[in-house]
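# Survey of secondary and tertiary structure
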Amino acid sequence: MKKILLLSLFVIARSFLASSAELKHEMGFSIVPPDSLPQVLAPHSADILNSTMKQKAQIKFAGHLLPESLPDWEKRKEEIREEILANSGLKVDHELDLDMKETATIQMDGYAIKNIYFQTQPGVYATANLFIPDGEGPFPAVVNMHGHWKEAKGAENIQSVAHSLAKNGYVCLSMDAFGAGERGTTHMDFEYHGSNLGASLMNIGETLLGVQVIDNMRAVDLLSSLPYVDAENIGATGASGGGNQTMWFAAMDERVKAAMPVVSVGTFESAVMGSNCVCELLPGGLSFTETSGVLALYAPRALKMCNHNKDSNVTFYPSEMLRSYHNAKPIFEQYEVEEKIAYELFDLEHGYWPEDREAMLGWFDLHLKGIGDGSAREEIPFKVLPFEELMVFPKGQRDPKVVGVAEYAREKGQQLRKNYLEKTSLDKEQVVEDLASLLKIQASPLVKNVHRFSPDGTWQRLALESSENLLTPLLIKKPSHSGLGYVLLATAAGKQQIPQARVDVWAQKGYGIVIAELSGTGEAASAEDQKVNYLTPFHTLARARLWLGETMIGQWVGELAMVSEFIKAEYAAENLIFDGEKEAGLAGLFFAALEEDVYDSLTLRSAPISYLFDNREGVDYFSLAIHVPKFLQWGDVSLAAGLTELPITFAQPVSMSGESILSNKEKEWQTEFAAARSLLKTNGSVKFEF
């Protein structure tokens, strides 16, 4: 057995060594092929980036204490609401025609289920199931929101809540979340609405969280319009992502009299460097409040949270929920309704289980029916249906009015680009100021210390320790021809993914080479960020920065400023060329747009020529780092290029889905980029290499 094991390990090691494209840390050692670029830092270095991000979140949490007097809270309450509206892109039209359409009715024992769809935004329809008790009513009603269960509103977890409510005399509306269930790109495909797909909404100035809140507010509009619903007694509940929807929407919609989010309430702090869905992300959330601030918005209405001791997600740990509960409770006490905020813990795994449902029935009985004392009430048995019966449309026969995230983001992006391209004047100073604001750039990090290591052949190895206590590894090769200057190479994939041929071309021309690994990439990566490798790269890190009121590309812009200044000062580099790939290329462009007289020219490789969403299939061509909230409301890539006075080369330009831009479109793009330069009165140039 021992010999077989050793032989197996030898075969695995041989295979591993032969595959240089898949080099990774394995079994406690790092293998670097002979022709690769040298390492700067020691292998298995401490996860400085993860620690830094969590420390930032910890400090933010401590800074978001709630006011101690009711008048102060009333003022702070409005500030929090305004920030949520601004950061989520939440805009709801309660006067918009609901245009509810019914496709089927299922008669159950004591209640009926109607399969319906209705309008939540102009031309945007949601699919839902409406559970209606037998009788005339009016009945109290509950909006029931699902989490990340594949069948969405038809999942057993979600169905069970609705059946139980209907059995107990409540109207219940269970709706597919935007991009989930029947609201995906392809009907009945049941795609995941998060990661890069949902994050794409940020570029048009919206968020998946915000669109879900709009949907759920419109669900209240619908329920309130029904003659058999008691519009004064409406509740909200959901588990996991559905509990997150519950927390945000019910906090913002004061028509919700009582709410019960399940396995979802924690802290914003714990979400930083966590891997939750982007539907649970409010960009900039931690810059102005904490979860407790959102919970306090419920007062003096009723709120109960159920968390589970066996939950595997740190954001939903009971200990995190309790931190928020104890911070929010004093606000309820100020209103003299401390009994209206409560929690219950169950020794269960993640989900919406019978114990949760019984707690929910007791809570809603007290606050929506005015009966009982709020304690759990035993369920009446019910029958769960096959999820297909709860589908609003037969497979592949969905009404075109029901659109997914992809179509929504593309259509709204096209309108924003149309608005941008029709502009006839631009104020350059204002455009620069607005770009810096979008990227969340306040001040570039400074070099606090320079760590120099022994050379590796012709490469000097350095690490810049920044004022943010992060390390930026650098490889530097001096120019062979004095006076030519340096080329700064950067990629979001880490230096080992830079083709050796690219380095050789610049070196053969006599230029010095600087290779910088930006935070989160290569040796400057976070092991915590790389744990969830089944999601889009930088899913964890980019979300963390957004929570903190930052952007990943904005962070890279600051780091490029630091590195460029260091190279110019330390190596007397009068000439500095930037050569960046994909997202890192955009960071170089944005830096050049904001800071003149640093680079002499820019080369962007496989970078997007526009932020317009174009194709669902290639949605993960770029990482989550690429997204900049409200970017298309500001302009587009051509506007950033127009701010520079530099020659810019787009080598193999692509769309946001990674589709190659065809050479027969060159004239069209040249016209757009030239128009931006004309409006800004700049003299740069753009060349495309297809």
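The structure this text deals with has already been given above.
Values in this document were obtained by computation on a predicted structure and should not be read as measured data.

### Some points on the side chain of Q555
On the secondary structure map, Q555 appears in helix α17 (residues 552-570). Excluding anything up to four places from it in sequence, Q555 contacts E468, L470, S519 and R545.

### Some remarks on the pairing of strand β6 (residues 229-239)
Buried residues dominate β6, accounting for 8 of its 11 residues. Bridge analysis of strand β4 (residues 139-145) against β6 gives 6 bridges, and the strand direction is parallel. Looking at β6, one finds that N144 is bridged to T237. As defined by bridge partners, β6 adjoins strand β7 (residues 256-262) across 6 bridges and the pair is classed as parallel. The residue bridging A239 from the neighbouring strand is V262, located in β7. Considered for its hand, the β-α-β crossover made up of β6, helix α7 (residues 241-252) and β7 is right-handed.

### Some thoughts on the sheet that holds strand β3 (residues 124-133)
One open sheet accounts for 9 strands, arranged β1-β2-β3-β5-β4-β6-β7-β8-β9; its pairing is mixed. The open sheet is flanked by β1 (101-107) and β9 (341-346), the only strands paired with a single partner. Adjacent strand axes in the sheet meet at a mean angle of 20° when their direction is disregarded. Note: β3 against strand β5 (residues 171-175), 4 bridges, orientation antiparallel. Pairing of F131 across the sheet is with C172, part of β5. The sheet contacts of α7 involve β4, β6 and β7, and relative to β6 the element is tilted by about 140°. Strands in contact with helix α12 (residues 354-369) are β4, β6, β7, β8 (302-308) and β9; relative to β7, the strand with the most contacts, it is inclined by about 170°.

### Here we look at the nonpolar core
Within the largest apolar cluster, 169 residues are counted, with the highest numbers of intra-cluster contacts made by F118, L223, W248, I553, I567, Y599 and Y611. With residues up to four places along the chain from it excluded, the contact list for W248 reads I84, L209, V213, F268, L282, V294 and W547. Listed in part, the 31 residues of the second largest apolar core include I106, L165, A342 and M360.

### Some thoughts on the sheet that holds strand β17 (residues 647-651)
Hydrogen bonding along the main chain pairs the strands of a sheet, whether they run parallel or antiparallel. Ordered by their spatial adjacency, 9 strands build an open sheet running β10-β11-β12-β14-β13-β15-β16-β17-β18, and the pairing between neighbours is mixed. With one partner strand each, in any of the chains shown, β10 (447-456) and β18 (685-689) form the two edges of the open sheet. Across the sheet, the mean angle from the axis of one strand to that of its neighbour is 20°, orientation sign disregarded. Sheet strands touched by helix α18 (residues 582-594): β13 (486-491), β15 (576-581), β16 (601-605) and β17. Its angle to β15, the strand with the most contacts, is close to 140°.

### Let's talk about the packing of aromatic side chains
This structure, assessed with the given rule, holds 23 aromatic pairs. Members of the aromatic cluster, connected to one another through ring pairs, are F590, Y611, F631 and W634. Here R323 stacks its cationic end above the ring of F61, 3.9 Å away from the centre of that ring. We note K509 situated over the ring of W506; from NZ or CZ to the ring centre the distance is 5.1 Å.

### Things to note about the environment of Q55
In this structure, Q55 sits in helix α2 (residues 48-63). With 214 residues separating them in the primary sequence, Q55 and E269 have C-alpha atoms 9.2 Å apart.

### Things to note about helix α16 (residues 539-547)
Of all 9 residues making up α16, 9 are buried, and the element is well covered by its neighbours. The complete set of buried residues in α16 reads H539, T540, L541, A542, R543, A544, R545, L546 and W547. On its buried side, α16 packs onto α2, α5 (195-203), α7, α8 (268-271), α9 (285-288) and α17.

### Side note on the pattern of salt bridges
Per the counting criterion, the structure on display carries 34 salt bridges. K56 is the salt-bridge partner of E550, the closest N and O atoms lying 2.8 Å from each other. Within this pair, whereas E550 is found in the loop between α16 and α17, its partner K56 is found in helix α2, the two being separated by 494 residues in sequence. When its relative accessible area of 18% is taken as the criterion, E550 is described as buried. A salt bridge links E254 to K77, with the shortest nitrogen-to-oxygen separation between them at 3.5 Å. Of this pair, E254 sits in the loop between α7 and β7 while K77 sits in helix α3 (residues 70-88); the two residues are 177 residues apart in sequence, bridging distant segments of the chain. Judged by relative accessible area, which is 48%, E254 ranks as partly exposed. One salt-bridge network, held together by shared partners, links R218, D221, D253 and R255.

Reading guide: rules and limits
Residues numbered from 1 in each chain as written. Predicted model: local features only at pLDDT ≥ 70, side-chain atom pairs only at ≥ 80, totals over all residues. Heavy atoms only, no water. Helix = DSSP H or I, 4+ residues; strand = E, 2+ residues; numbered from the N terminus. Contact = heavy atoms within 4.5 Å. Buried < 20%, exposed > 50% of the residue type's maximum accessible area, 1.4 Å probe, protein only. Pairing = 2+ DSSP bridges. Right-handed = clockwise from strand over helix to strand, strands pointing away. Axes fitted to C-alpha atoms, helices over the stretch in contact; angles between N-to-C directions. Core = buried A, V, L, I, M, F, W, Y, C linked by side-chain atoms within 4.5 Å. Phe/Tyr/Trp six-rings, centres within 6.5 Å; stacked < 30°, edge-to-face > 60°. Lys NZ or Arg CZ within 6 Å of the ring centre and 35° of its normal. Salt bridge = Lys/Arg side-chain N within 4 Å of Asp/Glu carboxyl O.

These figures capture arrangement, not role.
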